[in-house]
Amino acid sequence: MMKTYILDNKPLVVKLMLAALVLGGGAIWLAGSSVAEEAATASAATGRPALTVRTAVLQEDKWSETLSANGSILPWQEAIIGSQLQGVRIAEVKVSIGDRVRRGEVLATLDNAIRQGDDGSPQGKILAPDDGVISSASANVGSMPQAGSELFRLIRKGRLEWRAELTADELMRLRRGMKARVMLVGGRTLNGNVRAISPSVDPKTRYGYALVSLDDSNGVIAGAFARGTFDVSGARKVRWLPASAVLQRGSQSHVLEVDAEGRVHERAVEIGQRKEARIEISKGLQANVPVVESGGAFLTEGDLVRVVKE
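Residues numbered from 1 in each chain as written. Predicted model: local features only at pLDDT ≥ 70, side-chain atom pairs only at ≥ 80, totals over all residues. Heavy atoms only, no water.

What follows concerns the sheet that holds strand β7 (residues 100–101). Picture the strands of a sheet paired through backbone hydrogen bonds; they go either parallel or antiparallel. Strand order across the open sheet formed by four strands is β5-β11-β10-β7, with antiparallel pairing between neighbours. Where the open sheet ends on each side, the last strands, each with one partner, are β5 (78–82) and β7. Strand direction decides the pairing type here: β7 and strand β10 (residues 132–137), joined by two bridges, are antiparallel. Within the sheet, the bridge partner assigned to V101 lies in β10 and is G132. (Pairing = 2+ DSSP bridges. Helix = DSSP H or I, 4+ residues; strand = E, 2+ residues; numbered from the N terminus.)

Below, the structure is given as structure tokens:
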């Protein structure tokens, strides 16, 4: 009698079906990945702007670089005036502080108006040695000043100047004839030029001084505090960009150039003086090359931008 054996193949069938599903899924995933990559490549190729920007190019102007200092208004030169006679009373005082006098004008008379000096010059009068302004008057009628003692002090020509206090490094940047602007308390501004520069500084304070001749000091009081600036640049020509166009990464400065296709490229630059919202570009950028004016911090190398036409 023949026996019939029935094999249970269900587990095998299930395994085959699962294998088919896995292989089919892998094929679908590979196909899907390939399509996604192609789409990404196509998107990059067509280029979608990352940002809308304005561009700027190098500008060239004359900038003035200034050096600030504090100081005081002082007489240009003061003449000390006294009597050459001993034991002679002052008969009359003809001037007072603040008076403007002319050379040779009588400032005071003495009791011995007819007495002559050894050189034949009249000694009965005290005369102004120069044009100027009387800054001090200690002569009194009836007093008997000693020979050579101070009776008057005269600001020669009425000229005042500004004495600016500066460090050694600052003094070395100055030159005779440099222009200066002096601001007084109250807002009045005076123009002048550097007349003299001290060759040394005080070893205790580490400050020296520069003397500035003032073009017009009428109405200014000697001894007044004043703040001023020196033009130390010589009005040199400077190439500059808006400060917003210059990016900083550590100690390195750079800008983002925009090429003909609208893509940005980093360009290292060297910067110099700053003035308000502008910054000097001393090296690294060619003229007429457009750079991103603002918003560069949101862009990276090779990004596509849309340039706003002004």
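By the definition in use, this model includes one aromatic pair. A centroid spacing of 5.5 Å and a plane angle of 25° characterise the contact between W162 and F230, whose relative ring orientation is stacked. Taken as a pair, W162 in strand β12 (residues 160–167) and F230 in strand β16 (residues 225–231) lie far apart in primary sequence, 68 residues in all. For F230, a relative accessible area of 0% translates into the label buried. The ring of W76 has R159 lying over it, and the distance from NZ or CZ to the ring centre is 3.9 Å. For R163, the ring lying beneath its charged end belongs to Y209, and the centroid distance is 3.8 Å. (Phe/Tyr/Trp six-rings, centres within 6.5 Å; stacked < 30°, edge-to-face > 60°. Buried < 20%, exposed > 50% of the residue type's maximum accessible area, 1.4 Å probe, protein only. Lys NZ or Arg CZ within 6 Å of the ring centre and 35° of its normal.)

This brings us to the nonpolar core. In terms of nonpolar packing, the biggest core is built from 23 residues, with I73, W162, L166, L174 and F230 touching the most fellow members. For this core, the elements supplying multiple residues, two or more each, are β4 (66–75), β12, β13 (179–184), β14 (189–197), β15 (207–214) and β16. Among the elements that take part in this core, β12 stands out by supplying four residues, more than any other. Counting residues in hydrophobic clusters, the runner-up holds 17 residues, among them A79, I81, L107 and A139. (Core = buried A, V, L, I, M, F, W, Y, C linked by side-chain atoms within 4.5 Å.)

Throughout the structure, instances matching the rule amount to 11 salt bridges. Here D130 and K157 are joined by a salt bridge, their closest N and O atoms 3.0 Å apart. Of this pair, D130 sits in the loop between β9 (125–127) and β10 while K157 sits in the loop between β11 (150–156) and β12; the two residues are 27 residues apart in sequence, bridging distant segments of the chain. The exposure class of D130 is buried, given its relative accessible area of 5%. In this structure, the salt-bridge partner of E150 is R153, at a minimum N-O distance of 2.8 Å. Residue E150 is classed as partly exposed on the basis of its relative accessible area, which comes to 30%. (Salt bridge = Lys/Arg side-chain N within 4 Å of Asp/Glu carboxyl O.)

Another aspect to go through is the environment of V194. In this structure, V194 sits in strand β14. In sequence terms V194 and L174 are 20 residues apart; their C-alpha atoms lie 8.0 Å from each other. Every residue in contact with V194, bar those within four places of it in the chain, is listed here: R175, R176, G177, M178, L211, V212 and F230. (Contact = heavy atoms within 4.5 Å.)

A separate point is unusual backbone geometry. Negative phi values dominate among residues other than glycine, just as trans dominates among peptide bonds. In this model, K157 sits at a positive phi of 60°, which is unusual for a non-glycine residue. We note that R206 has phi near 65°; this positive angle belongs to a residue other than glycine. Relative to the helices and strands, R206 resides in the loop between β14 and β15.

Before going further, it helps to spend a moment on the environment of G124. Relative to the helices and strands, G124 is located in the loop between β8 (106–110) and β9. When the C-alpha positions of G124 and I90 are compared, they lie 9.2 Å apart, and in sequence the two are 34 residues distant.

Here we take up the sheet that holds strand β6 (residues 90–93). Taken in spatial order, the three strands of this open sheet run β6-β8-β9, and their pairing is antiparallel. The sheet is open, and its two borders are formed by β6 and β9, each paired with just one other strand. Taking each pair of neighbouring strands and ignoring which way they run, the sheet shows an average axis angle of 20°. In this structure, β6 lies alongside β8, joined through three bridges in antiparallel fashion. Residue pairing in the sheet places V93 in a bridge with A108 of β8. (Axes fitted to C-alpha atoms, helices over the stretch in contact; angles between N-to-C directions.)

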